[in-house]
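Residue-level listing of the chains:
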Amino acid sequence: MNAGKTLFFQLMDFLPWSTFNRYVTRYSGDKGVRTMSCAEQFRVMAFAQLTYRESLRDIEVSLSV
């Protein structure tokens, strides 16, 4: 079993989240959000790009496992 952080988690941990949150607040990015915040959507889109996903269904299937 893996005891350390995954490569994706390490990459996301490297990003300046305080700057990201400041931009989201400045432009009201999370206004009216029901389920997924801007940060969660960014993580999903970054995962999709890094794993060469081709469709929304492909992303959904890979994240649901």
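### Side note on the overall build of the protein chain
At step 1: Within the protein chain, the regular secondary structure consists of four helices and zero strands.
At step 2: Tracing the protein chain from N to C terminus, the helices and strands come up as α-α-α-α.
At step 3: A compact globule built from 65 residues should have a C-alpha radius of gyration of about 11 Å, whereas the protein chain, at 14 Å, is more than 25% larger.
At step 4: Seen through its principal axes, the protein chain has C-alpha atoms that stretch 40 × 30 × 20 Å.
At step 5: Counting all 65 residues of the protein chain, 15% fall into the buried class.
At step 6: Across the protein chain, contacts joining residues at least 24 apart in sequence account for 35% of those joining residues at least 6 apart.
At step 7: Carbon and sulfur atoms make up 58% of the accessible area of the protein chain, which amounts to about 5,800 Å² in all.
At step 8: Side chains of the protein chain give 8 positive and 6 negative charges; the mean places of these two sets differ by 9 Å.

### Structural notes on unusual backbone geometry
At step 1: At Ser28, a position not held by glycine, the phi torsion is positive, near 55 degrees.
At step 2: Relative to the helices and strands, Ser28 resides in the loop between α2 (17-26) and α3 (38-50).
At step 3: Non-glycine residue Tyr52 carries a positive phi angle of around 55 degrees.
At step 4: Given the relative accessible area of 69%, Tyr52 is considered exposed.

### Points about the environment of Ala48
At step 1: As for its placement among the helices and strands, Ala48 is situated in helix α3.
At step 2: Look at Ala48 and you get buried, because its relative accessible area is 7%.
At step 3: In this structure the C-alpha to C-alpha distance between Ala48 and Glu60, which are twelve residues apart in sequence, comes to 9.7 Å.
At step 4: For Ala48, the residues in contact, after removing those within four places along its chain, are Arg53 and Ile59.

### Some thoughts on the packing of α2 against α3
At step 1: It is at 10 Å that the axes of α2 and α3 come closest, and there the two elements cross at 120 degrees. As far as their axial angle goes, α3 and α2 are oblique. Two secondary-structure elements touch here, α2 through Trp17, Phe20 and Val24 and α3 through Cys38, Ala39, Phe42 and Arg43.

Calculation criteria
Residues numbered from 1 in each chain as written. Predicted model: local features only at pLDDT ≥ 70, side-chain atom pairs only at ≥ 80, totals over all residues. Heavy atoms only, no water. Helix = DSSP H or I, 4+ residues; strand = E, 2+ residues; numbered from the N terminus. Rg over C-alpha atoms; globule rule 2.2 N^0.38 Å. Buried < 20%, exposed > 50% of the residue type's maximum accessible area, 1.4 Å probe, protein only. Contact = heavy atoms within 4.5 Å. Areas by Shrake-Rupley, 256 points an atom, 1.4 Å probe, with all protein chains shown as cover. Lys, Arg positive; Asp, Glu negative; His and termini not counted. Charge placed at Lys NZ, Arg CZ, Asp CG, Glu CD. Axes fitted to C-alpha atoms, helices over the stretch in contact; angles between N-to-C directions. Parallel < 35°, antiparallel > 145°, perpendicular 65-115°, else oblique.

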